[in-house]
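Per-entry structural report
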Amino acid sequence: MADIWLMRHGAYEGHRPGYHAPHEAALTMEGRDQVCRSLPLPEGITAIVTSPIPRARQTATLVSHLTGLPIVATSGLLAEWRAPSIVLGRSAETYPPAYRAWRARRLAHPSLRCEDGESLTDLHNRAQDGAAFLHHTAGLHGPILAVSHTLLLGVLTRLLEGPAAFTSAARTPWPFAEHRLFTCRPATPRFGGVGRQ
């Protein structure tokens, strides 16, 4: 089985602890520098896959430009947890009451959504499909680098914890532009998920 390396995007505009970035938040110059400093990549990587969210796509594009590796897929399975729109661009001290109430209940009721956000169960299911997609893509292209986001990466690496993996991932953020070997074996895709992008 070909190796899969996971990488978080570089720093982005507006980042601070507890901040839910708007979808369009772009890499900063510091983020670009972090990506450059993350090179060279582990030996043997032959291709890149990425989340479609701009900060991840920009990271993948920069890595591709600097290494000559092709980006072979962009998949929504690798997108960050879809926070409800009521918290986008906000941090903890300004979270609205509906979101605070959801946070208090999310572990006891992992299928519960806050407005238009993704539930913990939704995220876990997507991460399972994402793991199958990564293994399928590595089977086609050889060792790959997957560029994604801190919560999704944390859940991917803790799939056996189920929906509660979200909480573990939130407590231990993945550093910007850091790459790690993915060692989790995928379960059977729920929806033939390898083709869903």
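Thresholds, definitions, all that
All chains use their own residue numbering, which begins from 1 and follows the written sequence. For a predicted model such as this one, the threshold for reporting local features is a pLDDT of at least 70, and the threshold for listing and counting side-chain atom pairs is 80 or more; totals across whole chains, interfaces and linings nevertheless cover every residue. Side-chain measures here rest on the full set of heavy atoms in the structure, leaving out hydrogens and waters. To qualify as a helix, a DSSP run of H or I must reach at least 4 residues; to qualify as a strand, a run of E must reach at least 2; elements of each kind are numbered from the N terminus. For this measure, only C-alpha atoms enter the radius of gyration; the expected value for a globule follows 2.2 Å times N^0.38, where N is the number of residues. Summary of the burial criterion: residues with accessible area below 20% of their type's maximum are buried, those above 50% are exposed, and those between are partly exposed, where the area comes from a 1.4 Å probe applied to protein chains only. Any two residues whose heavy atoms approach within 4.5 Å are treated as being in contact. Surface accessibility in these figures is a Shrake-Rupley result with a 1.4 Å probe; residues are shielded only by whichever protein chains are displayed. The convention is simple: Lys and Arg are positive, Asp and Glu are negative, and His and the chain ends are not counted. A charge is said to be at NZ when it belongs to Lys, at CZ for Arg, at CG for Asp and at CD for Glu. In this description, one arc is meant: the one made by directions from the helix axis to the C-beta atoms. Whenever a nitrogen or oxygen atom comes within 3.5 Å of another N or O atom, the pair is scored as a polar contact, on the condition that within protein one atom can donate a hydrogen and the other can accept it, and that pairs from neighbouring residues in sequence are kept only if both atoms are in side chains. Grouping buried Ala, Val, Leu, Ile, Met, Phe, Trp, Tyr and Cys residues that are joined through side-chain atoms within 4.5 Å yields what is termed a nonpolar core. Angles run from 0 to 180 degrees between N-to-C directions of axes, and those axes are lines fitted to C-alpha atoms, restricted for helices to the stretch in contact. The labels follow the angle: roughly parallel below 35 degrees, roughly antiparallel above 145, roughly perpendicular from 65 to 115, and oblique for the rest. Each crossing is labelled by how the near helix is turned from the far one, with a counterclockwise turn of less than a right angle marking it left-handed and a clockwise turn marking it right-handed. Residues were grouped as follows: Ala, Val, Leu, Ile, Met, Phe, Trp, Tyr, Cys and Pro as nonpolar; Asp, Glu, Lys and Arg as charged; and all remaining residues, including Gly, as polar. Two aromatic rings, drawn from Phe, Tyr or Trp (for Trp, its six-membered ring), form a pair once their centres lie within 6.5 Å of each other, and the interplanar angle then sorts them: stacked below 30 degrees, edge-to-face above 60, tilted otherwise. Sitting over a ring, as applied to charges here, requires NZ of Lys or CZ of Arg to be within 6 Å of the ring centre and within 35 degrees of the ring normal.

**Overview of the overall build of the protein chain**
- A count of helices and strands for the protein chain gives 6 helices and 5 strands.
- Seen in sequence order, the protein chain has helices and strands lined up from the N terminus as β-α-β-α-β-α-α-β-α-α-β.
- In summary, the protein chain has a C-alpha radius of gyration of 16 Å against a globular reference of 16 Å for 197 residues, a match within 12%.
- Principal-axis analysis of the C-alpha atoms gives the protein chain an extent of 45 × 40 × 25 Å.
- Relative to its 197 residues, the protein chain shows a buried fraction of 50%.
- Summarising the internal contacts of the protein chain: among those between residues at least 6 apart in sequence, 74% fall at separations of at least 24.
- When the accessible area of the protein chain is evaluated, it comes to approximately 8,900 Å², of which 55% is carbon and sulfur surface.
- Charge separation in the protein chain, taken as the distance between the mean sites of 20 positive and 15 negative side-chain charges, equals 5 Å.

**Topic: helix α1 (residues 29-37)**
- Along α1, the residues classified as buried are G31, Q34 and V35. What you see down the axis of α1 is that its buried residues fit within an arc of 100°, all on one side. With respect to the buried face of α1, the exposed residues turned more than 90 degrees away are M29 and R37.
- If you follow the buried residues of α1, they end up packed against β1 (4-8) and α2 (54-67).

**Describing the side chain of S148**
- When you line up the elements, S148 lands in strand β4 (residues 144-148).
- Residue S148 is classed as buried on the basis of its relative accessible area, which comes to 1%.
- Of the polar contacts made by the side chain of S148, one reaches the backbone oxygen of L78; its length is 2.5 Å.
- Those residues in contact with S148 that sit more than four places away from it in its chain are M7, R8, H9, S51, A56, L78 and L153.

**With respect to the nonpolar core**
- Among the nonpolar cores identified, the biggest contains 35 residues, and L6, W81, L134, L156 and F182 are the most heavily contacted of them.
- Put simply, the parts of the chain that give this core at least two residues each are β1, β2 (47-50), α3 (97-105), α4 (120-141), β4, α5 (150-156) and α6 (165-171).
- With 7 residues, α4 is the single largest residue contributor to this core.
- Discounting residues that sit within four places of it in the chain, W81 has contacts with H20, Y99, W102, E118, S119, L123, R126, L151 and F166.
- One finds M7, V35, A56 and L69 within the second-largest nonpolar core, a separate group that totals 14 residues.

**Details of the packing of α1 against α2**
- One way to put it is that α1 packs onto α2 with a least axis distance of 10 Å and a crossing angle of 45°. It follows that α1 is oblique to α2 by the angle criterion. Considering how the two elements wind past one another, α1 and α2 form a crossing that is right-handed. Side by side, α1 and α2 meet where R32, V35 and C36 of the first sit next to T59, L62, V63 and L66 of the second.
- Looking at side-chain class alone, the contact of α1 with α2 contains 5 nonpolar, 1 polar and 1 charged residues.

**A closer look at the packing of aromatic side chains**
- A full pass over the atoms with the stated rule returns 5 aromatic pairs.
- Pairing W81 with W102 gives two aromatic rings, centres 5.7 Å apart and planes at 15°, and the pair type is stacked. A residue pair is termed long-range when its members are at least 10 positions apart, and W81 in the loop between β3 (71-74) and α3 and W102 in helix α3 qualify at 21 residues.
- Residue W102 is classed as buried on the basis of its relative accessible area of 4%.
- For the pair Y99 and W102, a centre-to-centre distance of 5.6 Å together with 25° between the ring planes defines the contact as stacked. Here Y99 and its partner W102 are both found in helix α3, 3 residues apart, which amounts to about one turn of the helix.
- Among the aromatic residues, those joined into a ring-pair cluster are W81, Y95, Y99, W102 and F166.
- Directly above the aromatic system of Y12 lies the positively charged group of R55, at a separation of 4.8 Å from the ring centroid.

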